[in-house]
Amino acid sequence: MVDLSIIVPVYNGEKYIGQLLDSIHAIGAVSMEVLFIDDGSVDGGGEIIKAYMEKDGRFAYYHKENGGIVSARNYGLQKAAGEYLFFADQDDIVVASALEKAVLRLKEEKADMLLFSTEYTDDAGNRRMCDAVLEERIYGKEEIGDIFIRKLVTRYAEREVVSYIGHIWAAVIRRALVKEHKICFKRFMAIEDDLLFVLDSLDCAGSLLTMRDTGYYWRQNPDSRTRRGRYIEDLPEKKRKYYTYRTEILQRHDICTQEELEHYYTGVRQEFILDILDNEGLRGVGKAYAALKKCMENSEIREALREPPACPLAVRYSVEKRLLAKGRVLAAVIYKKGKYVKAGLVRGIRRYLCR
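Q: I'd like to hear about the overall build of the protein, residue by residue, with values.
A: The helix and strand inventory of the protein stands at 14 helices and ten strands. By the compact-globule yardstick of 20 Å for 355 residues, the protein fits well, its C-alpha radius of gyration being 21 Å. When the backbone C-alpha atoms are referred to their principal axes, the protein occupies close to 60 × 55 × 35 Å. The burial tally for the protein puts 52% of its 355 residues in the buried class.

Structure representation (structure tokens):
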């Protein structure tokens, strides 16, 4: 058995895939396999990977019909044979030395998971912190619930150990844990699949390591699939199922006081309505207004909007939050549409200038 399986979903990634290939190729202190899952690409990314395979026999390429990133990651899980799992995205960069160190520490401690620091990067090479690990040690099952699950679900922590939890590429996970508990990627809405995989792994893990080293650079790519606005049908119902799923895990660990739970529910309701506004803003004003008006009939949502921001979205969308709190639904929709139009113009100008 190799030490590490790295799973990389690929979709039209020829622009940056070479940098990722080079960064993974530098890994040498641990044995590994690298599974590139091509999710129906129509560009030359696949040919770049195949050419690279000639100089690194640890790389494997699989092509499948387009089914989305959840489908591609789960396909990779079925093919993986390593002792530990790591997931990378096609336009990012792996820090070979840190990933090697993470695997060696996991093997030494026989731990189920490890979280390391990550940073943002861009085409100019500028970098800044993304997920910062603040405390480095090993944690048992009770601490995993009290510190990490609490932080991931509620965003609240009595003691800050990691600035954020939920990015799949900030974690290395023992494959036997994933296989034993049948953990897989789930999709309730659009881009929350990695957060839920981390949450399910934390829910089942008996031990967890943290490491301050930066192990991954996340590229701020405005053309990535996670950053392109796309309308989601039946989003209110999908979000309710998503919140129910993660809240049940939180309650099962019995780690929050009633006051903390109330604060969490306020944040969930704020996030819910602001996400609905985000989504409906992609449609016409009339349809968006009707959908928002219906959601605003819920008295708990109206009450939550009158509270101080309890989630990051309510901080970023402070104008939208204030408008909805005052019942000015149409004004909130028009304001959101204006922001989308402005963003679209900026993207169009940027593409024109880069031609």
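Q: Give me the lowdown on the packing of aromatic side chains, citing residues and values where you can.
A: With the rule as written, the count across this model stands at 16 aromatic pairs. Ring geometry for Y139 versus F148: centroids 5.0 Å apart, planes at 75°, classification edge-to-face. Taken together, the ring pairs in this structure connect F86, F116, Y120, W169, Y216 and W218 into an aromatic cluster. Positioned over the ring face of Y217 is R127, at 3.7 Å from the centre of the ring.

Q: Outline the nonpolar core, supporting the account with residue identities and numerical values.
A: I6, F36 and F86 are the most contacted members of the largest nonpolar core, which totals 112 residues. Per-element tally for this core: the top contributor is helix α9 (residues 258-280), with eight residues. Setting aside chain neighbours within four positions, we find F36 in contact with V8, V10, I17, L20, L21, I49, F59, A60, Y61 and Y62.

Q: Provide a residue-level description of a nonpolar patch on the surface, including the pertinent values.
A: Together, V285, Y289, L330 and I334 give the surface a local cluster of nonpolar side chains, amounting to about 320 Å² of exposed area. Elements represented by at least two residues in the nonpolar patch include exactly α10 (285-295) and α14 (329-354). According to the relative accessible area criterion, Y289 is partly exposed, its value standing at 31%.

Q: Talk me through unusual backbone geometry; I want residue IDs and the actual numbers.
A: Here the phi dihedral of N12 falls at roughly 50°; this positive angle occurs in a residue that is not glycine. Residue position: N12 is located in the loop between β1 (4-10) and α1 (17-25). Even without a glycine there, the phi angle at D234 is positive, about 55°. For D234, the location among the structural elements is in the loop between β10 (207-219) and α8 (235-253).

Q: Outline α10, supporting the account with residue identities and numerical values.
A: For α10, the complete set of buried residues consists of A288, L292 and C295. Looking straight down α10, one finds that the buried residues subtend no more than 55° of arc, so they occupy a single side. Those residues of α10 that are exposed and angled more than 90 degrees off the buried face are G286, K287 and K294.

Calculation rules
Residues numbered from 1 in each chain as written. Predicted model: local features only at pLDDT ≥ 70, side-chain atom pairs only at ≥ 80, totals over all residues. Heavy atoms only, no water. Helix = DSSP H or I, 4+ residues; strand = E, 2+ residues; numbered from the N terminus. Rg over C-alpha atoms; globule rule 2.2 N^0.38 Å. Buried < 20%, exposed > 50% of the residue type's maximum accessible area, 1.4 Å probe, protein only. Phe/Tyr/Trp six-rings, centres within 6.5 Å; stacked < 30°, edge-to-face > 60°. Lys NZ or Arg CZ within 6 Å of the ring centre and 35° of its normal. Core = buried A, V, L, I, M, F, W, Y, C linked by side-chain atoms within 4.5 Å. Contact = heavy atoms within 4.5 Å. Patch = residues over 30% accessible without salt bridge, like charges linked within 9 Å, V, L, I, M, F, W, Y side chains within 5 Å. Areas by Shrake-Rupley, 256 points an atom, 1.4 Å probe, with all protein chains shown as cover. Salt bridge = Lys/Arg side-chain N within 4 Å of Asp/Glu carboxyl O. Arc of directions from axis to C-beta.

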